[in-house]
Amino acid sequence: MTAKASEIRSEPVFGLIYAASAFLIWGLSPLYWKALGAVPALEIIAHRVVWSFLFLMGLILLQRRWSEFAEILKSGRMLLTLMLTAILVSANWLLYIWAVNNNHMLQASLGYYINPLVNVVLGMLFLRERLRRPQILAVMLAAGGVLYLTTAYGEFPWIALTLALSFGLYGLIRKVAPVGALVGLAVETMLLSPPALIYLIHLNSQEADTILRVSLKLDLLLIGCAPLTAAPLLFFTLGAKRLYLSTLGLMQYIGPSGMFLLAIFYYNEPFSTTQIWTFAMIWAALGIYSTDSVIYYRRER
């Protein structure tokens, strides 16, 4: 076997490692946010934005992608588009961290479970994509699960639906925007950094900020929000380049599964019979959706 052939054969293996690393980091990230539970969610987001921007700019310079970054800054249309996605992703981050630190991790995991199905509906509404029959069945089953939870448990899963919809809209806009993941996130955090800095300065003036006031450990955790944000994104991008979309689609459930298991077995969040049935309906919907996706992409190949 030639060196080139060996390299080609190893590409999917490295793709699996990269993608699995990304989804595992996302799935286990509640452990990190729980460690910052004493810090208000909005302050965490402000630090996450500022430190992530600095970290991402370092990566862009190391990868010599400054010209790509500068090109986007010259386009008013792209800046407006990325401002919109920046607002969506920051709202998603804020709600997610708030949910984790206020014992709503099950709802957060539910939101990321139904996100692929929300993407299907958004593709139909905005990109005129036609739904296959199994996709229609999956969406109806997921909608039935949400409706059942609302009527039987008496609680509308607004956290789950807001997380799914905000991330779905973010993905939809980024899908049609001609910008790479790393450079796009760098521009988004750049646009969010001024208000984040103003907020942190205000907290400091009121002596209400956390950094440099509590402990070195907490300071390092706040700064560590940057690699926690960028590393899984880079791993995901590297994995996506080496894997088929159907494989990547199946692996995306690692993230919410990690959140689900942590919520039940580590943080002991209450899990009622109604919630069990709701998750069962969502998992059944995802099973139908995933099976259909694998069959469809294999047929296309």
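The structure under discussion appears in the preceding block.
Residues numbered from 1 in each chain as written. Predicted model: local features only at pLDDT ≥ 70, side-chain atom pairs only at ≥ 80, totals over all residues. Heavy atoms only, no water.

**Q** So what exactly am I meant to see when it comes to a nonpolar patch on the surface here?
**A** A cluster of nonpolar side chains, M124, L125, F126, L127 and V176, forms an exposed patch at the surface whose accessible area comes to about 470 Å². The element best represented in the nonpolar patch is helix α5 (residues 105-126), accounting for three residues. Mapped onto the elements of the fold, M124 is located in helix α5. (Patch = residues over 30% accessible without salt bridge, like charges linked within 9 Å, V, L, I, M, F, W, Y side chains within 5 Å. Areas by Shrake-Rupley, 256 points an atom, 1.4 Å probe, with all protein chains shown as cover. Salt bridge = Lys/Arg side-chain N within 4 Å of Asp/Glu carboxyl O. Helix = DSSP H or I, 4+ residues; strand = E, 2+ residues; numbered from the N terminus.)

**Q** Just to check I follow, could you spell out the packing of helix α9 (residues 216-223) against helix α10 (residues 225-242) for this structure?
**A** Describing two packed helices takes the angle between their axes plus the distance from one axis to the other. Two elements in contact, α9 and α10, have axes whose closest approach is 4 Å; the angle formed by their N-to-C orientations is 30 degrees. Classified by the angle their axes make, α9 and α10 are roughly parallel. Contacts between α9 and α10 involve L221, L222 and I223 on the former and, on the latter, C225, A226 and P227. A per-class count over the contact of α9 with α10 returns six nonpolar, no polar and no charged. (Axes fitted to C-alpha atoms, helices over the stretch in contact; angles between N-to-C directions. Parallel < 35°, antiparallel > 145°, perpendicular 65-115°, else oblique. Contact = heavy atoms within 4.5 Å. Nonpolar A, V, L, I, M, F, W, Y, C, P; charged D, E, K, R; others polar.)

**Q** Which parts of the structure should I look at to understand the nonpolar core?
**A** Here is a general trend for soluble globular proteins: nonpolar side chains tend to be buried in one another's company. Judged by nonpolar contacts, the single largest core of 79 residues is most densely connected at W33, L36 and Y96. Counting residues in each nonpolar core, the second largest holds six residues, with A19, F23, L248 and M251 among its members. (Core = buried A, V, L, I, M, F, W, Y, C linked by side-chain atoms within 4.5 Å. Buried < 20%, exposed > 50% of the residue type's maximum accessible area, 1.4 Å probe, protein only.)

**Q** Explain the packing of aromatic side chains to me, please; I cannot follow it from the model alone.
**A** Where two aromatic rings form a pair, the distance of their centres and the angle of their planes describe that pair. Counted according to the given criterion, the structure contains 18 aromatic pairs. Between Y113 and F279, the aromatic rings sit 6.2 Å apart at their centres with planes inclined by 85 degrees, giving edge-to-face as the arrangement. Taken together, the positions of Y113 in helix α5 and F279 in helix α13 (residues 273-300) put the pair 166 residues apart, joining distant regions of the chain. Overall, F279 belongs to the buried group, its relative accessible area being 3%. Taking the centre distance of 6.1 Å and the plane angle of 80 degrees together, the rings of Y113 and W283 count as edge-to-face. Of this pair, Y113 sits in helix α5 while W283 sits in helix α13, and the two are 170 residues apart along the sequence. Look at W283 and you get partly exposed, because its relative accessible area is 36%. Taken together, the aromatic side chains of Y113, F260, F271, F279 and W283 make up a single cluster linked through ring pairs. Lying over the aromatic face of W93, R48 brings its terminal NZ or CZ to 4.1 Å of the ring centre. (Phe/Tyr/Trp six-rings, centres within 6.5 Å; stacked < 30°, edge-to-face > 60°. Lys NZ or Arg CZ within 6 Å of the ring centre and 35° of its normal.)

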